[in-house]
Amino acid sequence: MVTGSIAAIRSGIKSRRELGTLGLVPTMGALHAGHARLIEQARQECQTVVVSIFINPLQFDRREDLEKYPRTLPTDAELCEKLGVDLVFAPAPAEMYPTGSTLTVDPGRIADHLCGRHRPGHFRGVATVVLKLLNVIQPNRAYFGQKDAQQLAIIRRMVTDFDLPVEVVPVPTVREPDGLALSSRNQQLTPVERSLAGALYRALCEARRQIEAGVCDSAEVEKAATLQIPVDPLLRLEYLQVVDPDEMQPVGRIEGTVCVAGALWVGRTRLIDNVLV
Ligand code: AMP
C-alpha cells in the first residue's frame, strides 16, 4: 500500500502492530541499491516494514537543490513492492507541514562542523522531520545509512536525549565498483563528472591508510588525503576532516576510533562520504 495520508498510514499500521517488530526506513526517494540494503535488513529483522519517501523542504538550504532533486515515486513504489515492503508513506509537504511552519529540533554543537557548518539549517530540518516520522509511524526500529555519518550521529543523540522508544540501526555504505557511494544525486552527474567522482572515496581511503600506518596528527592525515583530489575545474573539496564519530567534533591527535568525512563538489553536484577508522 502506498499512501500520502498520516491517518491512512496510521490505520494501516494499527492492524499490523500486533504481528511483532515494526521497522521504518526513512528516505527521500529516487531509491537505489543503498536504500535497498536498508530495506532488506529491515525486512529480515521486522514483521512489518514501512518505507517513507518524503523530500523534506525544511532540510534544503539551496532552492536549486530542492528543485532538481530526482522524483521517481512510481518506480520507487515498484522497488518497494519487489523488496516486500508492507507500507509506503509518501506524504506531500502540506501533509507534513499543514500550517506551513513548524517548531524545530535544534541539534546543537553536534551540527557545528562538516555538513552542519556548510549547510546552515540542514540538520535542524533533518532532525525535525525524523522526529515527526518517528511520531507518525512509531516504529520499534529505524534504519539509517552510515553514509550520512553526521545525520546518524544526530539522530542517535536525539533518540537518547528525547528518550524516544526506538532502536536506531546503522547500515553500512553501499558503493559502486570504483568506491563512489551510491546516492540519489549521482544521477545528476555527467559522464565526465561521474569519472571524477571516485576521487572522494580515494581520498578517504588514503586517510585510512595514513591512520593505519600510525600517523596520529589529523592535520597531516587531512593533507595527505586532500592531495588525492585531482586539480580539475569541475572539482572543489568543501571539507575533509577527522572527527570523533559520536559528537562529530574535530580531533587533533588520533587515538581511538575516528570518522574521516568529506564533501566534494563535482560540477554543480555535492557529494558526501566518510570512513570509520
Ligand atoms: P536519502 O534518501 O538520501 O535521504 O537516504 C535515505 C537513507 O538511505 C539514509 O539513512 C541514508 O544514509 C541511506 N543511504 C543513502 N545512500 C546510501 C548508501 N550508498 N549506502 C547505504 N545507505 C545509504
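Numbers given for residues are sequential positions, taken from 1 along each chain in its written order. Residue-level local features of this predicted model are given only where pLDDT is at least 70; pairs of side-chain atoms are given and counted only at 80 or more, and the full residue set underlies all totals for whole chains, interfaces and linings. To get the side-chain values, all heavy atoms of the structure are used, and hydrogens and water are removed first.

Participant: When you look at the site of the ligand in this model, what are you seeing that I'm missing?
Facilitator: Near, as used in this document, describes a residue that has one of its heavy atoms within 4 Å of the molecule or strand being considered. Neighbouring residues of the ligand: 17 residues in total, closest His35, Gly145, Asp148, Val174 and Leu182. Between the ligand and Val174, the relevant distance is 2.9 Å, taken from a nitrogen atom to a main-chain nitrogen or oxygen of the residue. With respect to the ligand, the backbone of Leu182 contributes an N or O atom lying 2.9 Å from a nitrogen atom. Contact with the protein chains covers 93% of the free accessible surface of the ligand, which is 480 Å². Strands here are runs of E lasting at least two residues and helices are runs of H or I lasting at least four, both read from the DSSP assignment and numbered beginning at the N terminus. Those elements that provide at least two residues to the shell around the ligand are strand 2 (22-27), helix 2 (33-45) and strand 5 (141-145). In terms of residue count, helix 2 provides more of the shell around the ligand than any other element does, three residues in total. Its residues assigned to classes, the shell around the ligand shows eight nonpolar, seven polar and two charged. Here a polar contact is taken to be a pair of N or O atoms separated by no more than 3.5 Å, where protein atoms must pair a possible hydrogen donor with a possible acceptor and residues adjacent in sequence count only if both atoms sit in side chains. Calculation of accessible area relied on Shrake-Rupley with a 1.4 Å probe; when residues are assessed, cover is drawn exclusively from the protein chains displayed. Throughout this entry, Asp, Glu, Lys and Arg are counted as charged residues, while Ala, Val, Leu, Ile, Met, Phe, Trp, Tyr, Cys and Pro are counted as nonpolar. The remaining residues, Gly among them, count as polar.

Participant: Just to check I follow, could you spell out the packing of helix 1 (residues 6-14) against helix 7 (residues 122-137) for this structure?
Facilitator: For any two helices packed against each other, the geometry is given by the interaxial angle and the distance between the axes. For every element, the axis is a line fit to its C-alpha atoms; helices are fit only across the contacting stretch, and the angle between N-to-C directions ranges from 0 to 180 degrees. One can describe the packing of helix 1 onto helix 7 by two numbers: an axis separation of 9 Å at closest approach and a directional angle of 50°. Accordingly, the angle class assigned to the pair helix 1 and helix 7 is oblique. Where helix 1 approaches helix 7, its residues Ile6, Ile9, Arg10 and Ile13 are matched on the opposing element by Asn135, Val136 and Ile137. Considering only residue class, the contact of helix 1 with helix 7 consists of five nonpolar, one polar and one charged. Roughly parallel means an angle under 35 degrees; roughly antiparallel, over 145; roughly perpendicular, 65 to 115; everything else is oblique. Any two residues whose heavy atoms approach within 4.5 Å at even a single point are treated as in contact.

Participant: Would you mind going over the pairing of strand 9 (residues 269-276) with me for this structure?
Facilitator: Along any regular strand the residues' side chains alternate between the sheet's two faces. Buried, partly exposed and exposed residues are distinguished by accessible area as a fraction of the type maximum, computed with a 1.4 Å probe on protein chains only: under 20%, between the cut-offs, and over 50%, respectively. Burial runs high along strand 9: seven of the eight residues are buried. Across eight bridges, the pairing between strand 8 (residues 259-266) and strand 9 is antiparallel. The residue bridging Val266 from the neighbouring strand is Thr269, located in strand 9. The pairing criterion for strands is at least two bridges between them, as found by DSSP.

Participant: How do you make sense of the sheet that holds strand 7 (residues 235-243) when you look at a structure like this?
Facilitator: Backbone-to-backbone hydrogen bonds pair the strands of a sheet. The strands run either parallel or antiparallel. The strand order 7-8-9 describes an open sheet built from three strands, whose pairing is antiparallel. The sheet is open, and its two borders are formed by strand 7 and strand 9, each paired with just one other strand. Averaged over neighbouring strand pairs, the angle between their axes works out to 15° when direction is ignored.

Participant: What is the right way to look at the packing of aromatic side chains in this model?
Facilitator: Remark: the centre distance and the inter-plane angle together describe each pair of aromatic rings, the angle taken between the planes. In this analysis, rings of Phe, Tyr and Trp, with Trp reduced to its six-membered ring, are considered paired at centre separations within 6.5 Å, and the interplanar angle assigns stacked below 30 degrees, edge-to-face beyond 60, and tilted for intermediate values. Enumeration according to the criterion identifies two aromatic pairs in this entry. With a centroid separation of 5.7 Å and 80° between ring planes, the pair formed by Phe60 and Tyr69 is classed as edge-to-face.

Participant: Before we go on, may I ask you to explain the sheet that holds strand 2 in this structure?
Facilitator: Spatially, six strands are ordered 1-4-3-2-5-6 in an open sheet, and the strand pairing comes out parallel. Taken across any chain shown, the strands that pair with only one partner, and hence form the sheet edges, are strand 1 (2-3) and strand 6 (167-171). Where helix 1 meets the sheet, it contacts strand 1, strand 2, strand 3 (48-53) and strand 4 (87-89), and its direction lies at approximately 160° from that of strand 4.

Participant: Help me out: how do you make sense of the side chain of Arg185 in this one?
Facilitator: Structurally, the position occupied by Arg185 is in the loop between strand 6 and helix 9 (191-196). Looking at Arg185, the relative accessible area reads 15%, which means it is buried. For Arg185, the residues in contact, after removing those within four places along its chain, are Phe60, Asp65, Tyr69, Arg119, Thr269, Arg270 and Leu271.

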